[in-house]
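Below, each chain spelled out in residue letters.
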Amino acid sequence: MEKCSKCGTSFEEILETGFVGCEKCYEMQSMKKAVDKLFNGKKHKQN
Ligand SMILES: [Zn+2]
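Sequence order as written defines residue numbering, which begins from 1 separately in each chain. Where totals are concerned, whole chains, interfaces and linings use all residues; where local detail is concerned, this predicted model gives features only for residues with pLDDT of at least 70, and gives and counts side-chain atom pairs only at 80 or more.

## Brief notes about the overall build of the protein chain
Short version of the rule: Numbering of helices and strands runs from the N terminus; a helix is a DSSP stretch of H or I covering at least four residues, while a strand is a stretch of E covering at least two. Neighbour counting defines burial: a residue surrounded by 20 or more other C-beta atoms within 10 Å of its own C-beta is buried, one with 12 or fewer is exposed, and intermediate counts give partly exposed, using backbone-placed C-beta atoms. Residues are treated as contacting if the C-beta atoms built from their backbones sit within 7 Å of each other.
Scanning the protein chain from N- to C-terminus turns up two helices and zero strands. Looking at the protein chain as a whole, 11% of its 47 residues qualify as buried. Across the protein chain, every contact between residues at least 6 apart in sequence was considered, and the portion connecting residues at least 24 apart equals 12%.

## A short note on the environment of Ala-34
Within the secondary structure layout, Ala-34 lies in helix H2 (residues 29-42). On the basis of neighbour counts, which here come to 15 C-beta atoms within 10 Å, the residue Ala-34 falls in the partly exposed class. Between the C-alpha atoms of Ala-34 and Phe-11, which are 23 residues apart in sequence, the distance is 9.7 Å.

## Description of the environment of Met-1
Positionally, Met-1 belongs in the segment before helix H1 (11-17). Distance in space between the C-alpha atoms of Met-1 and Glu-12 is 7.7 Å, their sequence separation being eleven residues. If we skip the residues at most four places from it in the chain, Met-1 touches Ser-10, Phe-11 and Glu-12.

## Overview of the environment of Glu-13
You can see Glu-13 is positioned in helix H1. C-alpha separation for the pair Glu-13 and Lys-3, spaced ten residues apart in sequence, amounts to 9.3 Å.

This is the structure in structure tokens:
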């Protein structure tokens, strides 16, 4: 289980609550993957 090195919030907690603890949370590997997926899913088509 990955945890944020700054605030200690785990990736699972973020998934459950939908809130990140701090900006460093985004630097977790699992978080990067999840954010990638999120953006790929929601991204508007660019012409
Ligand atoms: Zn954090």
